Amino acid sequence: MPDLDFVRREIERMRIQIGKQRKEILQLQRAGVGTASAEALLSRMEAKVESLCAQRDALRRAEPHHNKGRVLGGRTW
């Protein structure tokens, strides 16, 4: 299972790719070229990012918290 940092990097990389794909789709639309296949690819990429975000959230929940149960500025008796 990949670690949290890997999943975060992969999400960031995929979001950059999605931005590039959107720009390409706009260029194709301006040129009057059909974009159905490009839009299908974009939706698959977005679904992949959503699954990676869910995986990231699950990894974050499974990670132990270093300050669980402590209050900010609380007293230590």
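Before reading on, note that the structure itself is shown above.
Residues numbered from 1 in each chain as written. Predicted model: local features only at pLDDT ≥ 70, side-chain atom pairs only at ≥ 80, totals over all residues. Heavy atoms only, no water.

A. Spatial organisation of the environment of Arg-60. Structurally, Arg-60 can be placed in helix α2 (residues 36-62). Linking Arg-60 and Leu-4, residues 56 residues apart in sequence, is a C-alpha distance of 7.2 Å. Arg-60 has contacts with Leu-4 and Arg-8, leaving out every residue within four places of it along the chain. (Helix = DSSP H or I, 4+ residues; strand = E, 2+ residues; numbered from the N terminus. Contact = heavy atoms within 4.5 Å.)

B. View of helix α1 (residues 4-31). Taking 1.5 Å per residue as the helical rise, α1 with its 28 residues ought to reach 40 Å, and the 41 Å between its terminal C-alpha atoms agrees with that figure. If you follow the buried residues of α1, they end up packed against α2. Positioned one or two residues after α1, Gly-32 has a phi angle of 85 degrees, which is positive. (Expected span 1.5 Å × (residues − 1).)

C. Highlighting the pattern of salt bridges. This structure, assessed with the given rule, holds four salt bridges. With a shortest N-O distance of 2.6 Å, Glu-46 and Arg-22 are connected by a salt bridge. Taken together, the residues span a long stretch of sequence, with Glu-46 in helix α2 and Arg-22 in helix α1 at a distance of 24 residues. Taken together, the shared-partner salt bridges connect Arg-56, Asp-57 and Arg-60 into one network. (Salt bridge = Lys/Arg side-chain N within 4 Å of Asp/Glu carboxyl O.)

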